[in-house]
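Here is what each chain is made of, one letter per residue.
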Amino acid sequence: LIPSVPAATALSKYSSMPGMFGGGRTYEANSKAQDICYDVSETDDYDEKMRLCLKALKTFRFCTEAYSLIGLCFSEGPEHMRNPHIAVGMYRRGIHCAVTLNPEYPTKKLEWTMMECRPYIRAMHGLAIALFKMGDVDGAIEEATRLIANKPEGHSVSGSVYGWLLTAGRYDQADSYQSE
């Protein structure tokens, strides 16, 4: 039902131009898919959310936001839909897409004020939360710490990491983390 991420070579079928601020490329199809994803927040119906996400992925198979929103449906949706394993997979697909489109993201200082970075930041944050819900506290801490290392302005997961460190019994690390 949910399409897999195609090989990076499939990007050649989409028209593009150099990305803003010297990073990656900007794809017109991604902008259209992103617009579809904005409609997801307008509905409370999770079947409709999924339909819109799949429509976005038909428009652009590398749409980070669509995979993240599908992850959110499986993480936060109605009880019958919740599946943290699927949520983790969807967030990872989103991250993979974002890095395919912008290879500098894992090492770049991200800014929440830069709209094109937000889907990647949301995917990383969602992955950390889904890992925690799945019981992988160490994985959640690792992903959230990776996000914090990029210091996204206006988007903080520090409080979550502090709580997760306490949950993991890593009190010394939590104390030193809190003082940073």
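Residues numbered from 1 in each chain as written. Predicted model: local features only at pLDDT ≥ 70, side-chain atom pairs only at ≥ 80, totals over all residues. Heavy atoms only, no water.

**Side note on the layout of surface pockets**
Link 1 in the chain: In this structure, the second largest pocket encloses a volume near 190 Å³.
Link 2 in the chain: Together, 13 residues line the second largest pocket, and S68, L72, Y91, R122 and G126 are the ones closest to its centre.
Link 3 in the chain: Broken down by secondary-structure element, the contributors of at least two residues to the lining of the second largest pocket are α3 (64-76) and α5 (118-133).
Link 4 in the chain: No other element matches α3, which puts six residues into the lining of the second largest pocket.
Link 5 in the chain: Class assignment for the residues of the lining of the second largest pocket results in five nonpolar, five polar and three charged. (1 Å grid on protein atoms, 1.4 Å probe; cavity = no way out; pocket = protein on both sides within 12 Å on 5 of 7 lines; lining within 4 Å. Points joined across faces, edges and corners; volume = space filled by probe spheres on them. Helix = DSSP H or I, 4+ residues; strand = E, 2+ residues; numbered from the N terminus. Nonpolar A, V, L, I, M, F, W, Y, C, P; charged D, E, K, R; others polar.)

**A look at the side chain of N150**
Link 1 in the chain: Its place among the elements puts N150 in the loop between α6 (137-149) and α7 (158-167).
Link 2 in the chain: If near-sequence neighbours (up to four positions away) are discounted, N150 is found in contact with Y105, P106, K108, K109, L110 and Y120. (Contact = heavy atoms within 4.5 Å.)

**A few points about the nonpolar core**
Link 1 in the chain: Ranked by internal contacts, the top residues of the largest apolar core, which has 56 residues, are F60, F62, I70 and W164.
Link 2 in the chain: Broken down by secondary-structure element, the contributors of at least two residues to this core are α1 (28-38), α2 (46-59), α3, α4 (84-101), α5, α6 and α7.
Link 3 in the chain: Among residues more than four places away in sequence, those in contact with I70 are I2, M50, C53, L54, L57 and M90. (Core = buried A, V, L, I, M, F, W, Y, C linked by side-chain atoms within 4.5 Å. Buried < 20%, exposed > 50% of the residue type's maximum accessible area, 1.4 Å probe, protein only.)

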